[in-house]
Amino acid sequence: QVQVQEAGGRLERPGDALRLSCGASGRTYDDAAMGWFRQPPGKEREFLAAIRWIGGRTLYNDAVKGRFTISRDNAKNTVWLQMNSLDPEDTAVYYCAAGPFMRRAVNEWPSWGQGTQVTVSS
């Protein structure tokens, strides 16, 4: 089973940029896509972006499209989430997930990391 691990969360000031990383070890054919999600305090987990390992096709939540960018390096089994112009409303635990398809629904992703905290505050 794929193991997913996020890294890079920290305290940032409004307007700053931050890049999160996600390592995926033990990938199989069933782990064709990777996704980024976040869960703000007291709210439900929400889809941000997804990418396919083969071909690099991407899918975004319209709310972050143009400000967040997902990318991957197949050789390193790593996916990144570049976040620009951070706002306090971006404060959340950010999760990486692996699955067979790019889907917006949380329950469509079978494998999850533990999450990494991003706090945006002045």
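Residues numbered from 1 in each chain as written. Predicted model: local features only at pLDDT ≥ 70, side-chain atom pairs only at ≥ 80, totals over all residues. Heavy atoms only, no water.

Trainee: Help me understand the packing of aromatic side chains in this model?
Mentor: Remark: the centre distance and the inter-plane angle together describe each pair of aromatic rings, the angle taken between the planes. The final tally for this structure, using the stated rule, is four aromatic pairs. Measuring from centroid to centroid gives 5.5 Å for F37 and F47, while their planes differ by 70 degrees, and the two rings are edge-to-face. Of this pair, F37 sits in strand β4 (residues 33-39) while F47 is found in strand β5 (residues 46-52), placing the two residues 10 residues apart along the sequence. Neither F37 nor F47 differs from the other in exposure class; each is buried. In this structure F37 comes out as buried when scored by relative accessible area, which is 0%. Linked through ring pairs, F37, F47, Y95, W109 and W112 together constitute an aromatic cluster. Here the guanidinium or amino end of R27 rests over the ring plane of W53, the centre of that ring lying 3.8 Å away. Sitting over the ring of W112, R45 keeps its end group 4.8 Å from the ring centre. (Phe/Tyr/Trp six-rings, centres within 6.5 Å; stacked < 30°, edge-to-face > 60°. Helix = DSSP H or I, 4+ residues; strand = E, 2+ residues; numbered from the N terminus. Buried < 20%, exposed > 50% of the residue type's maximum accessible area, 1.4 Å probe, protein only. Lys NZ or Arg CZ within 6 Å of the ring centre and 35° of its normal.)

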